[in-house]
Amino acid sequence: MLTHLHALILPSGTRVEVREELRKLVGYFENNRHRTDYPTYRARGWDIGSGPTEAGCKIIGERLKGSGMRRVEEGAASVGALRALYVSGPKLWDGFWAQPHRAAA
């Protein structure tokens, strides 16, 4: 992406606002290069799209909005944390449950 953006040659007479927006776009990708190494992420089996996150939100939303359920912020945060732990894999999930826990107050 950066190679393509750096190679762009804007026509003479391009408005200053357009040039500034291109400059900001290039800066954004340069400053976030460490967050967008998609080939490496894919090689490690990491998701790069929003689908898994959106699916998780849907699951949590269904859990919180089910028939007869009351929505409490603290409970919602707990459900979200458990969901994140679960999708992180069996090692983290099992490790969490293997630890001693205090009884809820």
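Look up: the structure comes first, before these words.
Presented here is an overview of the structure given in this document. (Residues numbered from 1 in each chain as written. Predicted model: local features only at pLDDT ≥ 70, side-chain atom pairs only at ≥ 80, totals over all residues. Heavy atoms only, no water.)

With that out of the way, let us pick up the overall build of the protein. Each helix and strand in the protein was counted, giving six helices and zero strands. Mapped in sequence order, the helices and strands of the protein form the string α-α-α-α-α-α. A compact globule built from 105 residues would reach a C-alpha radius of gyration of about 13 Å, whereas the protein, at 22 Å, exceeds it by more than 25%. C-alpha extents for the protein along the principal axes are approximately 70 × 35 × 25 Å. Sequence-distant contacts, at least 24 apart, represent 23% of the contacts inside the protein between residues at least 6 apart. Taken as a whole, the protein presents about 9200 Å² of accessible surface, with 57% of it coming from carbon and sulfur. Between the mean site of the 16 positive side-chain charges and the mean site of the 11 negative ones, the protein shows a separation of 3 Å. (Helix = DSSP H or I, 4+ residues; strand = E, 2+ residues; numbered from the N terminus. Rg over C-alpha atoms; globule rule 2.2 N^0.38 Å. Contact = heavy atoms within 4.5 Å. Areas by Shrake-Rupley, 256 points an atom, 1.4 Å probe, with all protein chains shown as cover. Lys, Arg positive; Asp, Glu negative; His and termini not counted. Charge placed at Lys NZ, Arg CZ, Asp CG, Glu CD.)

Turning our eyes to something else, we now look at helix α4 (residues 51-64). Because each turn of an α-helix spans 3.6 residues, side chains separated by three or four positions in sequence point in the same direction. The end-to-end C-alpha distance of α4, which contains 14 residues, comes to 20 Å, matching closely the 20 Å that a straight helix rising 1.5 Å per residue would cover. All buried positions along α4 are accounted for by G56, I60, G61 and L64. Buried residues in α4, looked at end-on, bunch into an arc of 135°, giving them a common side. Those residues of α4 that are exposed and angled more than 90 degrees off the buried face are E54, K58 and E62. (Expected span 1.5 Å × (residues − 1). Buried < 20%, exposed > 50% of the residue type's maximum accessible area, 1.4 Å probe, protein only. Arc of directions from axis to C-beta.)

This next bit is on the pattern of salt bridges. Taken as a whole, this structure holds three salt bridges when the rule is applied. Here R15 makes a salt bridge to E17, at a shortest N to O gap of 3.4 Å. The salt bridge involving E20 is made with R23; its shortest N-O contact spans 2.5 Å. Remark: R23 and E20 occur in helix α2 (residues 16-31); sequence separation between them is three residues, near one turn of the helix. Judged by relative accessible area, E20 falls into the partly exposed class, the value being 32%. (Salt bridge = Lys/Arg side-chain N within 4 Å of Asp/Glu carboxyl O.)

When you line up the elements, T3 lands in helix α1 (residues 2-7). Judged by relative accessible area, T3 falls into the exposed class, the value being 67%.

Relative to each other, α4 and helix α5 (residues 73-87) sit at 140°, their axes nearing to 10 Å. Between α4 and α5, the angle is such that the two are oblique. In the packing of α4 onto α5, the handedness of the crossing is right-handed. Along the contact surface, α4 presents G56, I59, I60, R63 and L64, while α5 presents A76, V79, G80 and R83. Looking at the contact of α4 with α5, its residues break down into five nonpolar, two polar and two charged. (Axes fitted to C-alpha atoms, helices over the stretch in contact; angles between N-to-C directions. Parallel < 35°, antiparallel > 145°, perpendicular 65-115°, else oblique. Left-handed = near helix turned anticlockwise from the far one by under 90°. Nonpolar A, V, L, I, M, F, W, Y, C, P; charged D, E, K, R; others polar.)

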